[in-house]
Amino acid sequence: MKLPSILNLMTDDLAVDMGTSRTRVFARGRGIVVNEPSLMAYDTPSREVVAVGLEALELEGRASEDIQIISPLQDGVVADSTYAGQLLEHYIRKARDRRSSISRRVLISIAADATDIEHYALRYAAKEASVGNVHFINKGLVTILGSGVAPEDQRATMVIDIGAGTTTIAAMVHNHLIFTRTLRVGGNDLDVAVIDMIKQNHNLLVGPRTAERVKIELGCAVHLDQEQTTMVKGRSTIGGNPEMAVVNSIEIHEAIEPVVSRIVYAVQDALEALPPEASGDIYDRGLILAGGTSLLAGLDERLSKETELAVELTESPQRAVIRGLGLLFENPLALRRAIIRSDSER
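Think of each chain on its own: its residues are numbered from 1, step by step along the sequence as written. With the structure being a predicted model, the display of local features is reserved for residues of pLDDT at least 70 and the display and counting of side-chain atom pairs for 80 or more, all residues being used for whole-chain, interface and lining totals. To get the side-chain values, take all heavy atoms of the structure and skip hydrogens and water.

Asker: What exactly am I supposed to notice about the overall build of the protein chain here?
Answerer: Secondary structure summary: the protein chain contains 12 helices and 19 strands in total. Against the 2.2 N^0.38 benchmark of 20 Å for 346 residues, the protein chain shows a C-alpha radius of gyration of 21 Å, consistent with a compact globule. By its C-alpha atoms, the protein chain is 70 × 55 × 40 Å across when sized along the principal axes. When burial is assessed residue by residue, the protein chain has 51% of its 346 residues classed as buried. Contacts: residue pairs with any heavy atoms within 4.5 Å of one another. Contacts in the protein chain between residues far apart in sequence, at least 24 positions, make up 64% of those at least 6 positions apart. Numbering of helices and strands runs from the N terminus, with a helix taken as a DSSP run of H or I at least four residues long and a strand as a DSSP run of E at least two residues long. Only C-alpha atoms enter the radius of gyration, while the globule expectation follows 2.2 Å times N to the 0.38, with N the number of residues. Note on classification: 1.4 Å probe, protein chains only; a residue is buried when its accessible area is under 20% of the maximum for its type, exposed when over 50%, partly exposed between these limits.

Structure follows, in C-alpha cells:
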C-alpha cells in the first residue's frame with residue numbers, strides 16, 4: 001500500500017471562490033471548509049481590522065461611527081488589495097485549521113475577460129495573503145463544470161452565473177470556452193434598487209440586510225398574480241426617528257425590473273453570438289442558471305419566456321464555482337486548460 005508523503009500530510013491543496021458577497025474555500029479531500037461573507041470591519045482611526053466574515057456581518061448597521069464595514073471586493077473585482085489580502089489570508093488560515101502552514105497549490109477563480117488591472121489587484125492580494133503557488137482559474141469554465149457538465153462533453157453548454165456583484169455568461173464545448181462575458185450587475189444592484197424605492201416611496205432609510213430580506217420575500221422577475229406585503233423598519237428621512245412601513249410586491253417588482261432586464265438582454269446577446277452548431281446544442285439542452293441571485297423567484301421562468309429555451313437551476317447554485325474548482329484537483333487535463341495565469345508569471 002502506498003503511504004501518503006510527509007508533504008501531503010503537512011500541506012493542503014486549496015481552491016478559493018472570492019466573491020463580492022461570500023468567500024468559499026475548498027480543501028482537497030475535505031470539501032468546502034469555509035463559507036462566509038466577504039466582509040471586514042476595521043477601526044477608522046487605527047485602520048486595524050476588528051472583525052471578519054460573520055462577525056463583521058453582525059456589526060453591519062449597528063457599529064459605531066469609528067467602525068467601518070467594507071467588502072474588499074466590489075462588482076466581482078478587488079477594490080482594496082490590502083484588505084482583500086487580509087481577508088484571503090484569514091480564510092486560508094481558517095481552511096488549514098492548524099493542519100499545515102503551507103499549501104502546495106491554491107486555485108483562485110477569476111473572470112476570463114478580467115482586465116490586467118483586475119488581475120494585478122488579485123495577484124497582489126494573494127501576495128499579501130502569503131500565498132505562493134497560486135493559479136488563477138477561468139471562472140466561467142469552472143462554473144460549467146460545477147453545474148454538472150463533464151469536461152469531455154462534445155455538445156455546447158451555456159451557463160448564466162448571477163452573483164452578488166457580477167453576472168458571468170459562459171458557453172463550453174469539450175472543455176473549451178467558446179463564449180464568455182462578464183457584466184457588472186448582480187444581486188447587490190437588486191438590493192440597491194429596493195433601498196432606493198423604500199426611501200423614495202416611504203421616506204425610510206433601510207440597510208442592505210433589510211433590503212436583501214425584502215428581495216428574498218417579495219422579489220420576483222415576473223408579475224405576481226397576487227400582491228404580497230412585508231414590514232420594514234428603519235430611520236425616517238423626515239424626522240430621523242425609527243419607523244416602520246409596509247411594502248408590497250408590486251413596488252419591489254417595479255424597482256428591480258431594470259436590473260432583471262439588463263441580465264435578460266445580456267443573455268439574448270450571448271445567444272446571438274454563438275456559432276450555429278453550438279446554437280443547435282443549446283436549443284436541445286437549454287440554459288443552466290447558477291449563482292446565488294439565480295434563486296430570485298421567477299427568474300428561470302422569465303428567461304425561458306424571453307429566450308424560448310428550457311432553463312434549469314443547477315443544484316446548490318451558490319456553490320457551483322467552488323464545486324467546479326474542487327473538481328479540477330481530480331482532473332489534471334481540465335486544470336491545465338482552466339489556468340489563466342500562474343504565480344510563476346510574476
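Asker: Sorry if this is basic, but what is going on with helix α5 (residues 139-146) here?
Answerer: Along an α-helix, residues three or four positions apart point the same way, because every turn accommodates 3.6 residues. Extensive coverage of α5 is indicated by the burial of eight of its eight residues. Among all positions of α5, only K139, G140, L141, V142, T143, I144, L145 and G146 are buried. Measuring from the side-chain oxygen of the N-cap residue of α5 to the backbone nitrogen of G140 gives 3.1 Å; that N-cap residue is N138. Contacts described as polar in this section are N or O atom pairs within 3.5 Å, which, within protein, must combine one atom able to donate a hydrogen with one able to accept it, while residues neighboring in sequence count only if both atoms come from side chains.

Asker: Would you mind going over the sheet that holds strand β15 (residues 229-236) with me for this structure?
Answerer: Within a sheet, neighbouring strands are paired by backbone hydrogen bonds and run either parallel or antiparallel to one another. The three strands are arranged β14-β15-β16 in an open sheet whose pairing can be described as antiparallel. With one partner strand each, in any of the chains shown, β14 (204-205) and β16 (242-248) form the two edges of the open sheet. The criterion for strand pairing is that DSSP finds at least two bridges linking the strands in question. Across two bridges, β14 lies against β15 in antiparallel orientation. Looking at the pairing, L205 lines up with R235 of β15.

Asker: Got a minute to help me understand the confidence of the model for the protein chain in this structure?
Answerer: Values of pLDDT, which run from 0 to 100, indicate the predictor's confidence residue by residue. When pLDDT is averaged along the protein chain, the result is 89; 93% of the residues meet or exceed 70. Mean pLDDT values for the elements of the protein chain range from 42 in helix α1 (residues 6-10) up to 98 in strand β17 (residues 287-290). Note on residues 1-10: pLDDT is under 50 here. Beyond four places in sequence and across chains, it has eight contacts.

Asker: I would appreciate a short explanation of the nonpolar core in the present structure.
Answerer: Within soluble globular proteins, side chains that are nonpolar generally end up buried alongside one another. With 43 residues, the main nonpolar core has M158, I169 and L287 as its most contacted residues. Among the elements that make up this core, the one with the highest residue count is helix α8 (residues 249-272) (11 residues). Here L287 is in contact with M158, I160, V267, L271, I282, T307, L309, A310, V311 and E312, once residues within four sequence places are set aside. Nonpolar cores are built from buried Ala, Val, Leu, Ile, Met, Phe, Trp, Tyr and Cys residues. Side-chain atoms within 4.5 Å join them into one set. Grouped together as the second largest cluster of nonpolar side chains are 31 residues, M18, V25, Y83 and A114 included.

Asker: Would you mind showing me how to read the packing of helix α6 (residues 187-202) against helix α7 (residues 208-218) here?
Answerer: Two quantities define a packed helix pair, namely the angle between the helix axes and the distance between the axes. What counts as an axis is a line fitted to C-alpha atoms, over the stretch in contact for a helix, and the angles between N-to-C directions run from 0 to 180 degrees. Their axes nearest at 9 Å, the elements α6 and α7 cross at an angle of 100°. Overall, the two elements α6 and α7 adopt an arrangement that is roughly perpendicular. In contact with G187, L190, D191, V194 and I195 of α6, α7 contributes P208, A211, E212, V214 and K215. For the contact of α6 with α7, the residue count by class is six nonpolar, one polar and three charged. The labels follow the angle: roughly parallel below 35 degrees, roughly antiparallel above 145, roughly perpendicular from 65 to 115, and oblique for the rest. For this classification, the nonpolar set comprises Ala, Val, Leu, Ile, Met, Phe, Trp, Tyr, Cys and Pro, the charged set comprises Asp, Glu, Lys and Arg, and every other residue, Gly included, is treated as polar.

Asker: Can you help me understand the sheet that holds strand β12 (residues 167-173) in this one?
Answerer: One open sheet holds the five strands; their spatial order is β13-β12-β11-β17-β18, and the pairing between them is mixed. Edge positions in the sheet fall to β13 (176-183) and β18 (311-313), since each of these pairs with one other strand and no more. Taking each pair of neighbouring strands and ignoring which way they run, the sheet shows an average axis angle of 20°. The pairing of strand β11 (residues 157-162) with β17 spans four bridges and is parallel. Note on β17: the bridge partner recorded for M158 is L287. Relative to the sheet, α5 contacts β11, β12, β13 and β17, its axis offset from that of β12 by approximately 70°.

Asker: Quick question: what am I supposed to make of the environment of Q228 here?
Answerer: Tracing the chain through its elements places Q228 in the loop between α7 and β15. Given a relative accessible area of 38%, Q228 falls into the partly exposed group. Sequence-wise, Q228 and A245 are 17 residues apart; in three dimensions their C-alpha atoms are separated by 14 Å. The contacts of Q228, once residues within four sequence positions are left out, are E217, L218, V247, N248 and S249.

Asker: Quick question: what am I supposed to make of the side chain of T182 here?
Answerer: Structurally, the position occupied by T182 is in strand β13. Judged by relative accessible area, T182 falls into the buried class, the value being 15%. A distance of 2.9 Å separates polar atoms of two side chains, one belonging to T182 and the other to D113. Leave out the neighbours within four places in its chain, and T182 touches A111, D113, T166, T167 and T168.

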